[in-house]
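The primary structure of each chain is shown beneath.
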Amino acid sequence: MGSEDHIVMLPFMAHGHLIPFLALAKQIRARTGFIVTIATTGLNAQYLRSSLASSDSDNDTIRLVELPFSGADHGLPPGAENSENLPLDLIVNLFHASTALQTPTHDLVSKITAEQGGRPPLCIVSDVFFGWANDVAEATGTRNFTFSTGGAYGTLAYVSIWTNLPHRNLTDSEEFSVPGFPDNRRFHITQLHQFLRKADGEDPWSKFFQPQISKSLEKSYGWLCNSVEEIEPLGFELLGKYSNRQIWGIGPLLPPEILRKSGTTTKVRRQSGKTPGVSAEKCIEWLESHEPGSVLYISFGSQNSINPQQMMELAAGLEEQSVVSFLWVIRPPIGFDRRSEFRSEWLPDGFERRMEETKRGLLVRNWAPQLEILSHDSIGGFLSHCGWNSVLESLSQGVPIIGWPLAAEQAFNSKLLVEEMGVAVELTRGAGGELGRERVKEVVEMVMGKNEKAEERKRKVVDLSEHMRAAIRDDGEKEEEKGSSVRAMDDFVATIFRKL
Ligand code: UDP
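Computed from a predicted structure; not experimentally measured.

Caption draft 1: Representation of the overall build of the protein. For the protein, the count of helices and strands is 19 helices and 15 strands. Since a compact globule built from 500 residues should have a radius of gyration of about 23 Å, the 22 Å found for the protein is in line with a globular shape. In the protein, which comprises 500 residues, the share counted as buried stands at 49%. For the protein, contacts bridging at least 24 residues in sequence account for 70% of all contacts bridging at least 6.

Okay, here's the thing in structure tokens:
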């Protein structure tokens, strides 16, 4: 094992996928010395390059290869290579366009093979959405492993519902069972995002997801999961059974410094290469002026927004309650261009000024230094869309969650947080979900007020954060002293060396 061994990684083109893929690449590189190549489109390579450049020492250890890409044939505007800034109804076009990466990926793997004297890369590690990577692996004499950037429970729900469409024939009930889950874990139609709810196998979403996900399930050699076995044992057990593959829980793929946190503020290296609406220093300064556990952090991830009425009610509810202060990553509501100038009419009259004067609330436009914020002691809750990276980041810091799932597998993550982990309360569901200010006040009180259930949630989430820390322990001499994620990574590495 060493510098001549090569791995090729293929992330889907969205920040929530690029960030964990890069973290996994760094981890494999650091552990093994393999050459790790991430292949993606020019724009996404640029994002990764700037992220590597901002993280000190490791900027020359990961190779970035730009694959030729044009979404024009799929109706995408020039330059649209990432789900960010794409209107929701064009995201399916990006998915379809991504299958055109198959040929340049095949060429890349063949080139690497030729450069290595006919020896193909050890393996390909591809996104769940890139089932075609299995064909590339087969044609070039290597193996494909699927990397799910999500949790095991959410991944299973997502792949099973897309491939089986168990809700298709619902007649008199809004609840349904999902293949792969026991009967007492039923799902609700409102937990499916709008495209999945309407899917019938013939729509453009099904036509992408069904073949790509099925191929990842049926052909990939095994699955890596950005999660920790101890925090969601049921998810790991069920995904392993359903896929009939080995699942390696190698998470949480977070900067190590956030997991070593012990004091008030952690200096976390910025991962995204994006410029925040308010600098990390200013956010921290603002947080410093608040009591421990007294601030609610609000963010809907890298690409989701809420609707204008919901935004108004959320603001009004936050202003009327007196339990918490809040730091809100705010972006234009649905129906407005993501890049449009901020308009004060989106919020109650004078809201931002009042919040600023009283220090009750800090509004951060578009992007915030989330890891720095979540690792600050003043944060006592996270109103989140339940994207898996945000979930891991929150759990790792022992921060209970108020769930507001909006898209993708987020409602399944929220279900896991509420029903299995017991660390969250769901506020509402979806960009069409009903939300009144009274509900906002009620849920803030439930999660961050002084009551027994809130304390129990806090105890549970602190317990999960300890399991996450333990999972990445790597300082013991003996194998059994290593954390589960470290052992899983070692086992994955041993597996890719095993003969086909
Ligand atoms: N993020 C951030 N600042 C923001 C919004 C998001 O740093 O203002 C980061 C967040 O820390 C997480 C990622 O972007 O690592 C979002 O991933 P997630 O899976 O939570 O949601 P997605 O964006 O994929 O819906």
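Having seen it, we continue.
Caption draft 2: Just the sheet that holds strand E14 (residues 401-403), in detail. Ordered in space as E12-E11-E10-E13-E14-E15, the six strands form an open sheet in which the pairing is parallel. Looking along the sheet, the strands with just one partner apiece sit at the ends: strand E12 (361-365) and strand E15 (424-426). Ignoring strand direction, the axes of neighbouring strands in this sheet form an average angle of 20 degrees. Inspection of the sheet shows strand E10 (residues 295-299) paired to strand E13 (residues 379-384) by five bridges, in the parallel sense. Within E13, the position partnered with tyrosine 297 by the bridge is phenylalanine 382.

Caption draft 3: Representation of the site of the ligand. Among the 19 residues in the neighbourhood of the ligand, the closest are listed as Gly16, Gly301, Ser302, Gly387 and Ser390. Of all elements in the fold, only helix H1 (15-32), helix H14 (370-374) and helix H15 (388-396) reach the threshold of two or more residues within the shell around the ligand. Per element, the largest residue contribution to the shell around the ligand is four residues, and it comes from H15. Among the residues making up the shell around the ligand, the classes are represented as six nonpolar, 12 polar and one charged.

Caption draft 4: Main features of the confidence of the model for the protein. Overall, the predicted model of the protein reaches an average pLDDT of 93, with 95% of residues at or above 70. Across the interfaces of the predicted complex, the ipTM metric reaches 1.00, alongside a pTM of 0.95.

Caption draft 5: Representation of helix H16 (residues 410-421) in the model. Within H16, nine of the 12 residues are buried, which leaves the element mostly enclosed by the surrounding structure. Buried within H16 are the following residues: Gln410, Ala411, Phe412, Asn413, Ser414, Lys415, Leu416, Leu417 and Met421. If you follow the buried residues of H16, they end up packed against helix H6 (152-164), helix H9 (233-243), H15, E14, E15 and helix H18 (452-471). Phi for glycine 422, located one or two positions after H16, is positive at around 65 degrees.

Caption draft 6: Just the packing of H6 against helix H8 (residues 204-219), in detail. Taken N-terminus to C-terminus, the directions of H6 and H8 make an angle of 125 degrees; their axes are 9 Å apart at the nearest point. In this view, H6 runs oblique relative to H8, as classed from their interaxial angle. Crossing of H6 against H8: the hand is left-handed. Of the residues in H8, those touching H6 at Val159, Trp162 and Thr163 are Phe209, Gln210, Ile213, Ser214 and Leu217.

Caption draft 7: Spatial organisation of the sheet that holds strand E8 (residues 223-225). In spatial order, the strands read E3-E2-E1-E4-E5-E8-E9; together these seven strands make up an open sheet with parallel pairing. Whereas interior strands pair on both sides, the edge strands pair on one side only; in this sheet they are strand E3 (62-67) and strand E9 (247-249). In this sheet, adjacent strand axes meet at a mean angle of 25 degrees when their direction is disregarded. Examined bridge by bridge, E8 and E9 share three bridges and lie parallel to one another.

Caption draft 8: Here's a closer look at the environment of glutamate 341. When you line up the elements, glutamate 341 lands in the loop between strand E11 (325-330) and helix H13 (351-358). Owing to 8 C-beta atoms within 10 Å, glutamate 341 belongs among the exposed residues under this scheme.

Caption draft 9: View of unusual backbone geometry. Here the amide bond leading from glycine 251 into proline 252 is cis, since omega sits at -5 degrees, within 30 degrees of zero. For proline 252, the position within the fold is in the loop between E9 and helix H10 (256-259). Here the phi dihedral of asparagine 244 falls at roughly 55 degrees; this positive angle occurs in a residue that is not glycine. Judged by C-beta crowding, with 8 C-beta atoms within 10 Å, asparagine 244 ranks as exposed. One non-glycine residue, lysine 359, lies in the positive phi region at around 60 degrees.

The rules behind the values
- Residues numbered from 1 in each chain as written.
- Predicted model: local features only at pLDDT ≥ 70, side-chain atom pairs only at ≥ 80, totals over all residues.
- Helix = DSSP H or I, 4+ residues; strand = E, 2+ residues; numbered from the N terminus.
- Rg over C-alpha atoms; globule rule 2.2 N^0.38 Å.
- Buried ≥ 20, exposed ≤ 12 C-beta atoms within 10 Å, placed from the backbone.
- Contact = placed C-beta atoms within 7 Å.
- Pairing = 2+ DSSP bridges.
- Axes fitted to C-alpha atoms, helices over the stretch in contact; angles between N-to-C directions.
- Near = placed C-beta within 6 Å.
- Nonpolar A, V, L, I, M, F, W, Y, C, P; charged D, E, K, R; others polar.
- pLDDT = per-residue confidence, 0-100.
- Parallel < 35°, antiparallel > 145°, perpendicular 65-115°, else oblique.
- Left-handed = near helix turned anticlockwise from the far one by under 90°.

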